[in-house]
Amino acid sequence: MKTTFLTLALLLSQFICSYSQFKLSGELRPRFEYNHGYKSLANENQDASAFTSQRSRLLFEYKDDNLLFSITLQDVRMWGSQKQLATNEDFATSIHEAWAEVLFTKKISLKAGRQELSYDDQRILGGVDWLQQARAHDVAIFKYTGKLNAHLGFAFHQSGTITNNFYTGPDSYKSMQFVWLNKKTDKLNISLLFLNNGAPYTKTKDTLGNMTEQGVRYSQTLGPRIVYSKNKISTSFNFYYQMGKTSANKTINSYEGAMELGYKISDKLGINLGFERLSGTSQTDTANKEDNSFNPLYGTNHKFNGTMDYFYVSNHIGSVGLNDIYLKLAYSKNKISASLTAHNFTSASDILDKKEFVNNGKITAMSSSLGNEIDLDFGYSISKSITFKAGYSHMFGTESLVALKGGKKEEISNWAWLMLVVKPTFFDPTSK
């Protein structure tokens, strides 16, 4: 694989010398992380964890009057996970993105292949760039670009076997379609998203337990996002409603709503106050036959609700939901950027008091308060292609958070990271 990678790079480099439409760039991103209570509160006598992960990318881009073409080769690994004297390649380089966009006219195009989906604030569809591997979909998108922008996307998953229509792959959908409409003016940006998500399920099995028939149950997510800005003030609002069925055939009735107000104190300093509510399923309503837990689906969840990833990062299915009130200060000057964000978390529905239920058989709700989180981020750009980033987060949990996530609220739960981002451009005919 290593030889193939270098050969491909050499061949494409030769093309670059002949055709000025090519662009060649790269990325190297090692990140050190320390955590004691990341994603859930630390337990008593729990040791802290420390590790370094790395993402390496090589990006090839081509452009002419009728075509955009891109391939991103990617390697993601943990430092120390491969022996020093490696006799073969234990970790294969993968293709993160490989797509082509055919331009039929100046306004109409088709983009097909493996690609990131990043729309609006990435609450429902996002690239999840924080994760070293990030997220990409196998999808085809018809695009119309004009006064009203419209995208129509189609995805259909199949496993390696081509003699049947069963999907047993790693992703959560077998079939997915979405429509995104967007209108921009100088001060206003309005979007409307509709996403139809088809989750596979086993309909029948034979006497040996092998699947003989597979079905698909669909859920729908629909909602607008509105952003308005004028002078020093900016506001944003979004509301998404979910309906349909889960793969377990449970009726979905859930929603997400968020509002944010921003004010630019100066050219260097800004402040944002926001609130988000994601509906949840009550733990005390044993007769509830609905799934009221909102699912952000394929969004960049690390971006929202605290960077310690206690909520909605691979841990939100069937949850009690969340209310998040936050205040953010952001500073930027020349090569330096910094931000400080404070979150106050409460549950959107009842949390069962398990101790009371076990001891007395009573179904009672605990306090809705889940705690507070402080997130501090810092960045320093040495040059256009070299940046240092760092962050520190601290969670102050409650007994209700312990009931949901485990751990001890008396223990220190914190997380720190340091990342070097190197993104050189090796060849770009458009740069000066």
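Residues numbered from 1 in each chain as written. Predicted model: local features only at pLDDT ≥ 70, side-chain atom pairs only at ≥ 80, totals over all residues. Heavy atoms only, no water.

Visitor: Please clarify how the overall build of the protein chain should be interpreted in this entry.
Guide: Within the protein chain one finds three helices and 20 strands. What you see for the protein chain is a C-alpha radius of gyration of 24 Å, in line with the 22 Å of a compact globule of 432 residues. Considered along the principal axes of its C-alpha atoms, the protein chain spans approximately 80 × 60 × 55 Å. In the protein chain, which comprises 432 residues, the share counted as buried stands at 40%. (Helix = DSSP H or I, 4+ residues; strand = E, 2+ residues; numbered from the N terminus. Rg over C-alpha atoms; globule rule 2.2 N^0.38 Å. Buried < 20%, exposed > 50% of the residue type's maximum accessible area, 1.4 Å probe, protein only.)

Visitor: What is the right way to read the pairing of strand S10 (residues 211–230) from this model?
Guide: As paired strands, strand S9 (residues 188–205) and S10 are joined by 17 bridges and run antiparallel to one another. Along S10, the bridge assignment pairs Leu 192 with Pro 224. Once S9 ends, the chain turns through five residues before running back antiparallel as S10, passing Gly 209 with a positive phi of about 90°. Here 10 bridges tie S10 to strand S11 (residues 233–245), and the two strands are oriented antiparallel to one another. Each bridged residue has a counterpart across the sheet, and for Leu 222 the counterpart in S11 is Tyr 241. The turn linking S10 back onto S11 is made up of two residues, and Asn 231 within it adopts a positive phi angle of 55°. (Pairing = 2+ DSSP bridges.)

Visitor: Teacher, can you tell me more about the nonpolar core here?
Guide: Burial of nonpolar side chains together is a common tendency in soluble globular proteins. Formed by 36 residues in total, the largest nonpolar core has its most connected members in Leu 117, Ile 124, Leu 125, Phe 178, Phe 311 and Met 395. Elements with a minimum of two residues in this core: strand S6 (137–144), strand S8 (175–184), S9, helix H3 (399–405) and strand S19 (413–422). The dominant element in this core, judged by the number of residues it contributes, is S19, at four residues. Residue contacts for Phe 178: discarding those within four places in its chain leaves Leu 117, Tyr 119, Leu 125, Val 139, Ile 141, His 151, Leu 152, Gly 153, Leu 193, Phe 194 and Leu 195. Core analysis: the second largest hydrophobic core is formed by five residues, Leu 24, Leu 58, Phe 60 and Leu 73 among them. (Core = buried A, V, L, I, M, F, W, Y, C linked by side-chain atoms within 4.5 Å. Contact = heavy atoms within 4.5 Å.)

Visitor: For this particular structure, what's the right way to read the packing of aromatic side chains?
Guide: Any aromatic ring pair is given by two values, namely how distant the centres are and how the planes are angled relative to each other. Evaluated as defined, the whole model comprises 12 aromatic pairs. Ring plane angle 80° and centroid distance 5.7 Å describe the contact between Trp 130 and Trp 415, whose orientation is recorded as edge-to-face. You can see Trp 130 sitting in the loop between strand S5 (108–115) and S6 and its partner Trp 415 sitting in strand S19, a full 285 residues away along the chain. Since its relative accessible area comes to 14%, Trp 130 is described here as buried. Given the relative accessible area of 0%, Trp 415 is considered buried. Note on Phe 239 and Tyr 255: the rings are 6.0 Å apart at their centroids and 20° apart in plane angle, and the pair reads as stacked. Taken as a pair, Phe 239 in strand S11 and Tyr 255 in strand S12 (residues 251–264) lie far apart in primary sequence, 16 residues in all. When its relative accessible area of 34% is taken as the criterion, Phe 239 is described as partly exposed. On the basis of relative accessibility, which here comes to 29%, the residue Tyr 255 falls in the partly exposed class. Pairwise contacts between aromatic rings join Tyr 38, Trp 130, Trp 415 and Trp 417 into one cluster. Taking NZ or CZ as reference, Arg 123 lies 4.2 Å from the ring centre of Phe 304, over its face. In this structure, Arg 217 packs its charged tip against the face of Tyr 201, placed 3.5 Å from the ring centre. (Phe/Tyr/Trp six-rings, centres within 6.5 Å; stacked < 30°, edge-to-face > 60°. Lys NZ or Arg CZ within 6 Å of the ring centre and 35° of its normal.)

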